[in-house]
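Architecture at a glance
Spelled out, the chains give:
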Amino acid sequence: MSDITRIDPAGLHPTSGYAHITVVEAGRTAHLAGQCPLDVQERLVGAGDLDAQVDQVVANAMTALAAIGVGPERVVRSVVYVVSDRSEVLAGVWHRLADSPLGPALATASTLLGVTALGYTGQLVEVDLTAALP
């Protein structure tokens with residue numbers, strides 16, 4: 001993937017697997033809507049179960065990426081939102097995502113945020129992705 005370069009400059013803190021900077025050569029990008037833990041009938045999956053919600057978000061994100069003909073390795077920016085202010089909860093979500101089929105998406109420029117609420121009642125996690133199209 002010579003059109004995507006990930007950089008961790010000297011002088012910046014070490015990361016937990018993401019890159020400080022992702023450079024994409026000029027081309028098309030796809031901006032995915034935030035992927036929520038919803039099934040195809042727009043029902044919340046895993047009420048009160050953060051792991052189940054993460055797994056549904058992963059499945060939805062993989063479906064969305066496949067629809068544009070790319071895999072998670074083509075993601076150039078990710079933002080992960082978690083309803084929590086506890087660092088161990090945020091880290092748990094990060095590790096579950098990193099260990100999932102979506103994991104390569106987190107090796108790019110990434111942000112992990114604790115928030116007070118998300119769009120659907122009971123929603124605990126959402127992932128926002130931008131992918132470089134070949």
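For the structure given in this document, a descriptive report is provided here.

Conventions adopted
- Residues numbered from 1 in each chain as written.
- Predicted model: local features only at pLDDT ≥ 70, side-chain atom pairs only at ≥ 80, totals over all residues.
- Heavy atoms only, no water.
- Helix = DSSP H or I, 4+ residues; strand = E, 2+ residues; numbered from the N terminus.
- Expected span 1.5 Å × (residues − 1).
- Contact = heavy atoms within 4.5 Å.
- Polar contact = N/O pair within 3.5 Å; in protein donor to acceptor, adjacent residues only side chain to side chain.
- Pairing = 2+ DSSP bridges.
- Axes fitted to C-alpha atoms, helices over the stretch in contact; angles between N-to-C directions.

Describing helix α1 (residues 50-67)
An ideal rise of 1.5 Å per residue puts 26 Å on 18 residues; α1 measures up with 26 Å between its terminal C-alpha atoms. In this fold, the buried residues of α1 make contact with β4 (75-83), α2 (87-98) and β6 (125-132). Taking the backbone nitrogen of Asp-51 as reference, a side-chain oxygen 3.2 Å away marks Asp-49 as the first, capping residue of α1. Looking at the residues trailing α1, positive phi occurs at Gly-69, about 75°.

With respect to the sheet that holds strand β3 (residues 29-31)
Reading across from one edge, β3-β6-β4-β5 is the order of the four strands in this open sheet, with mixed pairing throughout. The strands lining the two open edges of the sheet, one partner per strand, are β3 and β5 (109-115). Averaged over all adjacent pairs, the angle separating strand axes in this sheet is 10°, with direction ignored. Bridge count for β4 against β5 is seven bridges, and the pairing is parallel. In the strand pairing of β5, Tyr-81 is matched with Leu-113. Lying on the sheet, α1 is in contact with β4 and β6; it crosses β6 at an angle near 25°.

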